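Okay, here's what each chain looks like letter by letter:
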Amino acid sequence: MLEEECRAAGVRIFLNTRVQEIQRDSGYLIRTNEAAFGAPVVVIATGGLSIPKMGATRFGYDVAKQFGVRVHECRPALVPLTLGAADRDRYCDLSGVSTEVVAASNGHSFREKMLITHRGLSGPAILQISSYWQAGEPVSIDLLPGTQGVAALCGSNTNRDINSARSLLRTRLPIRLADRWMELNAPGRWTNRDLIALEEHLHAWKVVPSGTEGYEKAEVTAGGVDTDELSAKTMECRRVPGLYFVGEVVDVTGHLGGFNFQWAWASGFSAGVAV
Ligand SMILES: Cc1cc2nc3c(=O)[nH]c(=O)nc-3n(C[C@H](O)[C@H](O)[C@H](O)COP(=O)(O)OP(=O)(O)OC[C@H]3O[C@@H](n4cnc5c(N)ncnc54)[C@H](O)[C@@H]3O)c2cc1C
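Analysis parameters
Residues numbered from 1 in each chain as written. Predicted model: local features only at pLDDT ≥ 70, side-chain atom pairs only at ≥ 80, totals over all residues. Heavy atoms only, no water. Helix = DSSP H or I, 4+ residues; strand = E, 2+ residues; numbered from the N terminus. Rg over C-alpha atoms; globule rule 2.2 N^0.38 Å. Contact = heavy atoms within 4.5 Å. Areas by Shrake-Rupley, 256 points an atom, 1.4 Å probe, with all protein chains shown as cover. Lys, Arg positive; Asp, Glu negative; His and termini not counted. Charge placed at Lys NZ, Arg CZ, Asp CG, Glu CD. Core = buried A, V, L, I, M, F, W, Y, C linked by side-chain atoms within 4.5 Å. Buried < 20%, exposed > 50% of the residue type's maximum accessible area, 1.4 Å probe, protein only. Axes fitted to C-alpha atoms, helices over the stretch in contact; angles between N-to-C directions. Parallel < 35°, antiparallel > 145°, perpendicular 65-115°, else oblique. Left-handed = near helix turned anticlockwise from the far one by under 90°. Nonpolar A, V, L, I, M, F, W, Y, C, P; charged D, E, K, R; others polar. Near = heavy atom within 4 Å. Polar contact = N/O pair within 3.5 Å; in protein donor to acceptor, adjacent residues only side chain to side chain. Phe/Tyr/Trp six-rings, centres within 6.5 Å; stacked < 30°, edge-to-face > 60°. Patch = residues over 30% accessible without salt bridge, like charges linked within 9 Å, V, L, I, M, F, W, Y side chains within 5 Å. Salt bridge = Lys/Arg side-chain N within 4 Å of Asp/Glu carboxyl O.

Peer 1: I would appreciate a short explanation of the overall build of the protein in the present structure.
Peer 2: Regarding its fold elements, the protein presents 8 helices and 14 strands. The C-alpha atoms of the protein give a radius of gyration of 25 Å, which is well past the 19 Å a tight globule of 275 residues would have. Dimensions along the principal axes, computed over C-alpha positions, put the protein at roughly 85 × 35 × 30 Å. Of the contacts formed within the protein by residues at least 6 apart in sequence, a portion of 65% connects residues at least 24 apart. Looking at the protein as shown, the accessible area adds up to about 14800 Å², and 51% of this sits on carbon and sulfur atoms. Here the protein contributes 28 positively and 30 negatively charged side chains, and the mean placements of these two sets differ by 3 Å.

Peer 1: Can you help me understand the nonpolar core in this one?
Peer 2: The tendency in soluble globular proteins is for nonpolar side chains to be buried side by side. Counting 36 residues, the largest nonpolar core has Met-114, Ile-141, Leu-143, Leu-169 and Trp-181 as its most contacted members. Contributing elements (two or more residues each) for this core: strand E7 (98–105), strand E8 (108–116), helix H4 (124–130), strand E10 (139–142), helix H5 (162–170), helix H6 (175–185), helix H7 (192–203) and strand E11 (205–207). Counting residues per element, this core draws most heavily on H6, which supplies 4 residues. Setting aside residues up to four positions removed in sequence, Ile-141 forms contacts with Val-101, Val-102, Met-114, Leu-121, Ile-126, Leu-202, His-203, Ala-204, Trp-205 and Val-207.

Peer 1: What is the right way to read unusual backbone geometry from this model?
Peer 2: Excluding glycine, most residues fall at negative phi; most peptide bonds, likewise, are trans. Look at Ile-51: it is not a glycine, yet its phi comes out positive at around 55°. With respect to the helices, strands and loops of the structure, Ile-51 is situated in the loop between strand E4 (42–44) and helix H2 (59–66). Although it is not a glycine, Met-235 adopts a positive phi angle of roughly 70°. Locating Met-235 in the fold gives a position in the loop between strand E13 (220–225) and strand E14 (243–245).

Peer 1: Is there a simple way to explain H6 in this structure?
Peer 2: Two residues of an α-helix separated by three or four positions point the same way, owing to the 3.6 residues in each turn. Burial in H6 covers these residues: Leu-177, Ala-178, Asp-179, Arg-180, Trp-181, Met-182 and Asn-185. Packing partners of the buried residues in H6 comprise helix H3 (85–91), E7, E8, H5, H7 and E11.

Peer 1: Explain the packing of H5 against H6 to me, please; I cannot follow it from the model alone.
Peer 2: H6 packs onto H5 with a crossing angle of 150° between their chain directions and a minimal axis gap of 9 Å. Judged by the angle between their axes, H5 and H6 are roughly antiparallel. Crossing handedness for the pair H5 and H6: right-handed. Contact with H5, carried on its side by Ile-162, Ala-165, Arg-166, Leu-169 and Arg-170, involves Ile-175, Ala-178, Asp-179, Trp-181 and Met-182 of H6 and no other residues of that element. Tallied by class, the residues present in the contact of H5 with H6 amount to 7 nonpolar, no polar and 3 charged.

Peer 1: Would you explain the site of the ligand in this entry?
Peer 2: The environment of the ligand is made up of 19 residues, and the closest members are Val-19, Thr-57, Glu-219, Glu-248 and Phe-261. With respect to the ligand, the backbone of Gly-55 contributes an N or O atom lying 2.9 Å from an oxygen atom. Here an oxygen atom of the ligand sits 3.1 Å away from a polar atom, N or O, in the main chain of Asn-260. Tallying contributions element by element places helix H8 (residues 259–274) first for the shell around the ligand, with 4 residues.

Peer 1: When you look at H2 in this model, what are you seeing that I'm missing?
Peer 2: Among all positions of H2, only Phe-59, Gly-60, Tyr-61, Val-63 and Ala-64 are buried. In the stretch just after H2, Gly-68 is the one whose phi turns positive, near 75°.

Peer 1: Teacher, can you tell me more about the environment of Cys-154 here?
Peer 2: Mapped onto the secondary structure, Cys-154 falls in the loop between E10 and H5. Classification of Cys-154 as partly exposed rests on a relative accessible area of 23%. Placed 40 residues apart in sequence, Cys-154 and Asp-194 show a C-alpha to C-alpha distance of 9.5 Å. Setting aside anything within four residues of it in sequence, one finds Cys-154 in contact with Arg-160, Asn-192, Leu-195 and Ile-196.

Peer 1: What is the right way to read the packing of aromatic side chains from this model?
Peer 2: Two measures describe an aromatic ring pair: the distance that separates the ring centres and the angle between the ring planes. What the rule picks out here adds up to 6 aromatic pairs. Taking the centre distance of 5.7 Å and the plane angle of 85° together, the rings of Trp-181 and Trp-205 count as edge-to-face. Taken together, the residues span a long stretch of sequence, with Trp-181 in helix H6 and Trp-205 in strand E11 at a distance of 24 residues. When its relative accessible area of 0% is taken as the criterion, Trp-181 is described as buried.

Peer 1: Explain a nonpolar patch on the surface to me, please; I cannot follow it from the model alone.
Peer 2: Together, Val-11, Ile-13 and Leu-15 line one region of the surface with nonpolar side chains, adding up to about 310 Å² of accessible area. With respect to the element layout, Leu-15 can be found in the loop between helix H1 (2–8) and strand E1 (19–24).

So, in structure tokens, the structure goes:
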């Protein structure tokens, strides 16, 4: 359908052609590895840095800088987080285990599934929070959102010991995770205070990721061309007539759920109507 629309509008599509340089005089000169083209306007839609093996490049950011357009520092987002060696030893043999959590960092939180991987944590809750997480900061994970775990043993007549706590936790968490949690965190005594501390820990497990899986695995790139530099209506640079930036190269990062595609299409449409 897109190709048909392009044909109808007289668009020529050049495949396997890399834009290498853009110069501005009275209009724009675009040099590629194949040929050079003159044009009155240029729309930069070169995307972010994610998945370099699919053709991601820095070109759009470099063009922005060349024309004095502000660019916010880029970083991988919607990306799995990695754990340091100690936490990897504790948890990563549970790779494949997933559970619903609330993951929180920097004043943002997401209630979705978390997945333990062989290098750290992933799943929608972790991908979402990775867009807000800053290196060196903790991510707080509520493993039992909206429900109680071992605190139910407080004041009960059941034996207060690791077996009853584990049995209870197994009804709330995947069995392997419940068992590992009790292995690592069972208190020395089983007073009400100890049970409450254990409960609080389950609701606020503080993990300090060692990093992210990087652009190789990131679904998007946070940062990019400053939106204040662009007309919100047309995406044209306020200070550089005829130069437009659309899509992921712009500093707009959506949550999971199709919002990044939507932004790319909507901003491309706005520029298309304007040019
Ligand atoms: C694995 C993965 C899964 C994703 N899943 C979703 C999802 O479910 N929902 C969602 O909303 N978003 C998703 N995204 C994000 C979404 O794909 C991007 O936000 C969107 O494609 C950005 O569109 P764009 O047109 O700005 O850039 P892109 O789609 O990245 O296109 C940019 C193009 O420019 C080309 N290019 C770069 N430099 C040059 C150059 N110098 N010369 C010529 N060409 C060049 C690149 O090769 C690329 O083909 C996902 C991304 C990844 C990587």
